[in-house]
Amino acid sequence: MLGSKLDILKQEWIDVVFNGRNKSYGAYELRKSNPKNTNKALVYGIIFFVFVISLKTIINKIEGFIPKPEVKMKLTDVVLTPPPQEKKKEIPPPVEPPKPKNDVLKFPPPIVKPDNEVKEPPPTVQELKVADPGQKDIKGDPNADIHIDEPVGNSDQKAVTEDVNKIYTTVEKLPEFPGGLAKFGQYLSKNIRYPAVDRENNTTGKAFMQFVVEKDGSLTDIKVLRSPTQAMGDEATRVLKASPRWVPGVQNGRPVRAQYTIPISFTLDGGE
């Protein structure tokens, strides 16, 4: 009984332990039925584990046998609004070409006809010495520019060919913030947030900014020309992007795209 391997759950050991004692006590029954209970627990555990792993597959199989309810579709009439009509762009009338420098004499196309059927005799050689041939008679302007391969007319204004997208660096009337520079200073004081790092380092200075004031007053192409710190340049850029529309610059009586440069001050004693 006392071998090299000791199994205290064997019935022989249980009988030795409980020899002469009350075997009706619960401990004897528990030890006696322990192997049987352990095997049952192991089997039940395996069954429960397999059931949990296979639960999703079982549910899918059951759903496959249950017919799905028919999906009812509800049709609704949708009334589409007609697309907005595009406004027709008004085509401006053609501009009368400027006057030529020399007089122009009407030179009809050469057609062979009897002399009695000629209604408009061509200009003579003497007349063409001081005038140019053309489609109609035009009085020249000695102060006009010389035009080659360009149409001419009776307009007193000189033809001006100009790039509408040109950015002017100097204009007759500079662009300005609504209300002038004083209002612009108030706008900066109210909206600029001093960079925290520069405030801690007691950094001050001016950020020189350059931008383009468009014909509608909006600001584009905002650049930092020079700034004490990167944070100050970024803050000045942010404030200019949020700026209200400016009054555009004027050249030849009409608004144009104008380049503008301005310093923005950063101070810690009540400045912007």
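Described below are features of the structure shown in this document.

Criteria and cut-off values
Residues numbered from 1 in each chain as written. Predicted model: local features only at pLDDT ≥ 70, side-chain atom pairs only at ≥ 80, totals over all residues. Heavy atoms only, no water. Pairing = 2+ DSSP bridges. Helix = DSSP H or I, 4+ residues; strand = E, 2+ residues; numbered from the N terminus. Buried < 20%, exposed > 50% of the residue type's maximum accessible area, 1.4 Å probe, protein only. Salt bridge = Lys/Arg side-chain N within 4 Å of Asp/Glu carboxyl O. Expected span 1.5 Å × (residues − 1). Contact = heavy atoms within 4.5 Å. Core = buried A, V, L, I, M, F, W, Y, C linked by side-chain atoms within 4.5 Å. Phe/Tyr/Trp six-rings, centres within 6.5 Å; stacked < 30°, edge-to-face > 60°. Lys NZ or Arg CZ within 6 Å of the ring centre and 35° of its normal.

**A closer look at the pairing of strand β5 (residues 219-226)**
Side-chain direction in a regular strand flips from residue to residue, so the side chains alternate between the two faces of the sheet. In terms of strand pairing, strand β4 (residues 205-213) meets β5 through five bridges, oriented antiparallel. By the bridge assignment for β5, Val212 is matched with Thr220. In this structure, the hairpin formed by β4 and β5 is closed by a connection of five residues, where Gly217 is found at a positive phi of approximately 95 degrees.

**Description of the side chain of Gln251**
If you trace the backbone, Gln251 turns up in strand β6 (residues 249-251). Overall, the relative accessible area of 16% leaves Gln251 in the buried class.

**Looking at the pattern of salt bridges**
Applying the stated criterion to the full structure yields four salt bridges. Between Lys223 and Asp221 there is a salt bridge; the shortest N-O distance is 3.9 Å. Relative accessible area serves as the criterion here: at 40%, Lys223 is assigned to the partly exposed category. Assessed through its relative accessible area of 44%, Asp221 is described here as partly exposed.

**Regarding helix α7 (residues 230-241)**
The first and last C-alpha atoms of α7 sit 17 Å apart over 12 residues, in line with the 16 Å expected at 1.5 Å per residue. What α7 keeps buried is the set Met232, Gly233, Glu235, Ala236, Thr237, Val239 and Leu240. On the buried face of α7, the contacting elements are α5 (181-191), α6 (196-200), β4, β5 and β7 (254-266).

**Structural notes on unusual backbone geometry**
The phi angle at Asn202 is positive, at roughly 55 degrees, despite the residue not being glycine. Here Asn202 is to be found in the loop between α6 and β4. Judged by its relative accessible area of 57%, Asn202 falls in the exposed class. A positive phi angle, near 60 degrees, is found at Asn252, a position not held by glycine. Residue placement: Asn252 occurs in the loop between β6 and β7.

**A short note on the nonpolar core**
Counting residues in each nonpolar core, the largest one holds 21 residues, and the members touching the most others are Phe184, Phe211, Leu240, Trp246, Ile264 and Phe266. Counting residues per element, the ones that place at least two in this core are α5, β4, β5, α7 and β7. The contacts of Trp246, once residues within four sequence positions are left out, are Pro175, Glu176, Phe177, Pro178, Phe184, Phe211, Val213, Asp216, Gly217, Leu219 and Tyr260.

**Section: the packing of aromatic side chains**
Counting across every chain of the model gives nine aromatic pairs. Where Phe177 meets Trp246, the ring centres are 5.9 Å apart and the plane angle is 90 degrees; that geometry is what we call edge-to-face. Of this pair, Phe177 sits in the loop between β3 (167-168) and α5 while Trp246 is found in the loop between α7 and β6, placing the two residues 69 residues apart along the sequence. Look at Trp246 and you get buried, because its relative accessible area is 4%. Centre to centre, the rings of Phe211 and Tyr260 are 5.7 Å apart; their planes meet at 35 degrees, and the pair counts as tilted. Here Phe211 is found in strand β4, whereas its partner Tyr260 is found in strand β7, with 49 residues between them in sequence. Like Phe211, the residue Tyr260 is buried in the burial classification. Among the aromatic residues, those joined into a cluster by ring pairs are Phe177, Phe184, Tyr187, Phe211, Trp246 and Tyr260. Over the ring of Phe208 we find Arg226, and its NZ or CZ is 4.3 Å from the ring centre.

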